[in-house]
Amino acid sequence: MAVPFRKVSKTRGRKRRTHYKITENATVKCPKCGEAVRPHRVCAKCGTYKNKEVIKTTEEE
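We now turn to the structure provided with this report. What you see is a predicted model; the values in this text were computed from it and never measured. Residues take numbers from 1 onward in each chain, read along the sequence in its written order. The predicted origin of the model limits local features to residues at a pLDDT of at least 70 and limits the giving and counting of side-chain atom pairs to 80 or more, whereas totals for whole chains, interfaces and linings rest on all residues. Only hydrogens and water are set aside; all other atoms, that is, all heavy atoms of the structure, feed into the side-chain values.

Moving on to the environment of Arg-6. Secondary structure elements are defined from DSSP: runs of H or I of at least 4 residues count as helices, runs of E of at least 2 residues count as strands, and each element is numbered from the N terminus. Here Arg-6 is to be found in the segment before α1 (10-16). Sequence separation between Arg-6 and Glu-53 is 47 residues; the distance between their C-alpha atoms is 62 Å.

Structure below.
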């Protein structure tokens, strides 16, 4: 079984992991109400998807 010849130092391991970063979720503006929505999902505020009303909202403005 293969065993490392030397211990990997903290610096070397951290240098290798510099690209493991968390990224924020992408958002787009809803064309009807302007609310920030994740792509390909129904808008929670106005209930539209692809400019069609999918969910009836109770707060009609």
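Unlike most non-glycine residues, His-40 shows phi in positive territory, near 60°. With respect to the secondary-structure elements, His-40 resides in the loop between β2 (36-37) and β3 (48-49). A positive phi angle, close to 60°, is found at Asn-51, a residue other than glycine. In this structure, Asn-51 sits in the loop between β3 and β4 (52-53). Classification of Asn-51 as exposed rests on a relative accessible area of 63%. Only protein chains enter the accessibility calculation, which uses a 1.4 Å probe; a residue is then buried when its area is under 20% of its type maximum, exposed when over 50%, and partly exposed in between.

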